[in-house]
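Residue strings, one per chain:
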Amino acid sequence: MSPAQIIRPVRTHMKWGRRTLDVNGAPLTRLSFPDWLLGDMLFGSSSMKRREFLKLPIAAAALATIGRSAENMASKQGRSEAGFGVKAHQDRSGEELLIMGGTFNLKVSGRDTGGDLCIYDTFREAKGGPALHRHFNQDEWFYVIRGQFVVRVGDNTFAIGPGDSAFAPRRIAHAFAMTGDGPGQMLVLFQPAGSMEAFFREMSEKFGRGIPQGQDAAMRQLWAAHGMEMVGPPLAL
């Protein structure tokens, strides 16, 4: 069968010809794509069956619904209506979070961004860091202002200092630790914000300022309650 024979005339409200297409029967300019491709789209071929082609609008509608649901969820969480500033060494909400060997100052809250992200400015006095873990629904980004840190993301390990950054995608196991002597400072961003603010408040209340020992047993339940999973011990220094 030649390519031209693939297209059959369809005599309904429209008229298909081998090189013409007009609801009134008037001739049209030659189609800009091959007739055989149009035939495949309409009547099916080994690469695309007609029923699969008809599923595309359904899939597009489903994706649009998901997008609207995400937008509605974000709008329900609220979003700041005006800009704001936060002074150095101050917390956006006026809290003082003494955790993980230092102080965590919230600079941008999930309440400011409709849940899109939150940012912490963290000051650290003790070497070390959290257990190896992963977030099921959040990406995490680290930016060092001072001090020396090491960040492990999956099978990769990065030594980062002032001006350096590292990115940990959601669902990928990661951990970090301060390795240098003296104080350290690092920005940490979570996208979306999730319940990380509540997580850090609870950690401060239950474990205080120091880096908890035996994290695998003491903190597993807390981490799981906020969409994370501990998968290993802290990084060895």
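Cut-offs applied
- Residues numbered from 1 in each chain as written.
- Predicted model: local features only at pLDDT ≥ 70, side-chain atom pairs only at ≥ 80, totals over all residues.
- Heavy atoms only, no water.
- Helix = DSSP H or I, 4+ residues; strand = E, 2+ residues; numbered from the N terminus.
- Buried < 20%, exposed > 50% of the residue type's maximum accessible area, 1.4 Å probe, protein only.
- Contact = heavy atoms within 4.5 Å.
- Areas by Shrake-Rupley, 256 points an atom, 1.4 Å probe, with all protein chains shown as cover.
- Core = buried A, V, L, I, M, F, W, Y, C linked by side-chain atoms within 4.5 Å.
- Salt bridge = Lys/Arg side-chain N within 4 Å of Asp/Glu carboxyl O.
- Lys, Arg positive; Asp, Glu negative; His and termini not counted.
- Polar contact = N/O pair within 3.5 Å; in protein donor to acceptor, adjacent residues only side chain to side chain.
- Pairing = 2+ DSSP bridges.
- Axes fitted to C-alpha atoms, helices over the stretch in contact; angles between N-to-C directions.
- Phe/Tyr/Trp six-rings, centres within 6.5 Å; stacked < 30°, edge-to-face > 60°.

> I keep staring at the overall build of the protein and nothing clicks. Help me out?
Assigned secondary structure in the protein consists of 5 helices and 11 strands. A total of 237 residues make up the protein; the buried ones form 35% of that total. Long-range pairs, those at least 24 residues apart, make up 65% of the contacts in the protein between residues at least 6 apart in sequence. When the accessible surface of the protein is summed, it comes to about 13,900 Å², and 56% of that surface belongs to carbon and sulfur atoms.

> Teacher, can you tell me more about the environment of W141 here?
In this fold, W141 is placed in strand 5 (residues 139-146). A residue is classified by how much of its surface remains accessible, and W141, at 32% relative accessible area, is partly exposed. Here the alpha-carbon distance between W141 and A168, two residues 27 residues apart in the chain, equals 6.2 Å. Those residues in contact with W141, other than ones at most four positions away along the chain, are S165, A166, F167, L187, V188 and L189.

> Would you mind showing me how to read unusual backbone geometry here?
When glycine is set aside, most residues are seen to have a negative phi, and most peptide bonds are trans. In the segment running from Q191 into P192, the intervening peptide bond is cis, with an omega of -5°. A positive phi angle is found at M100, which is not glycine, with a value near 50°. Among the structural elements, M100 can be located in the loop between strand 1 (97-99) and strand 2 (102-108). Looking at M100, the relative accessible area reads 6%, which means it is buried. Positive phi outside glycine occurs at R171, with the angle close to 70°.

> I would appreciate a short explanation of the nonpolar core in the present structure.
For soluble globular proteins, the rule of thumb is that nonpolar side chains tend to be buried together. Within the largest apolar cluster, 32 residues are counted, with the highest numbers of intra-cluster contacts made by Y120, F142, F199, F200, M203 and W223. Here F200 is in contact with L97, I99, F104, Y120 and F190, once residues within four sequence places are set aside. Ranked by size, the runner-up nonpolar core spans 5 residues in total, among them L132, V150, A175 and L235.

> For this particular structure, what's the right way to read the pattern of salt bridges?
For side chains of opposite charge, pairing can occur when their charged atoms come near one another. Scanning all chains against the criterion turns up 8 salt bridges. Salt-bridge contacts for R79 lead to D116; the nearest nitrogen and oxygen are separated by 2.6 Å. Of this pair, R79 sits in the loop between helix 2 (50-77) and strand 1 while D116 sits in the loop between strand 2 and strand 3 (118-124); the two residues are 37 residues apart in sequence, bridging distant segments of the chain. Overall, the relative accessible area of 34% leaves D116 in the partly exposed class. Here R170 ties to D139 by a salt bridge, and the two come within 3.2 Å at their closest N and O atoms.

> Explain the side chain of E140 to me, please; I cannot follow it from the model alone.
Inspection of the secondary structure puts E140 in strand 5. For the buried residue E140, which engages in no salt bridge, the nearest side chain bearing the opposite charge is R124, 7.0 Å off. A polar atom in the side chain of E140 sits 2.8 Å from the side chain of H174. In this view, E140 contacts H133, H135, A166, F167, A168, H174, F176, V188, L189 and F190; residues no more than four positions away in its chain are not counted.

> I keep staring at the sheet that holds strand 1 and nothing clicks. Help me out?
Within a sheet, adjacent strands bond to each other through the backbone by hydrogen bonds, running parallel or antiparallel. In spatial order, the strands read 1-2-3-10-5-8; together these 6 strands make up an open sheet with antiparallel pairing. Pairing within the sheet leaves two strands with one partner each, and these edge strands are strand 1 and strand 8 (165-168). Across the sheet, the mean angle from the axis of one strand to that of its neighbour is 25°, orientation sign disregarded. Across the face of the sheet, helix 3 (residues 196-207) comes into contact with strand 1, strand 2, strand 3 and strand 10 (184-191) while running at roughly 70° to strand 1.

> When you look at the environment of P233 in this model, what are you seeing that I'm missing?
Structurally, P233 is set in strand 11 (residues 228-234). A C-alpha to C-alpha distance of 8.0 Å links P233 and P130, two positions 103 residues apart in sequence. Discounting residues that sit within four places of it in the chain, P233 has contacts with A131 and L132.

> Would you mind showing me how to read the packing of aromatic side chains here?
Two descriptors summarise a pair of aromatic rings, namely the distance from one centre to the other and the angle between the planes of the rings. By the definition in use, this model includes 8 aromatic pairs. On the numbers, 5.3 Å between centres and 55° between planes, the contact of F199 with F200 is tilted. An aromatic cluster of three or more residues is present, and its members are F104, Y120, F190, F199, F200 and W223.

> Is there a simple way to think about the side chain of S204 in this case?
Relative to the helices and strands, S204 is located in helix 3. Filtering out sequence-adjacent residues up to four positions away, S204 remains in contact with L97, L98 and I99.

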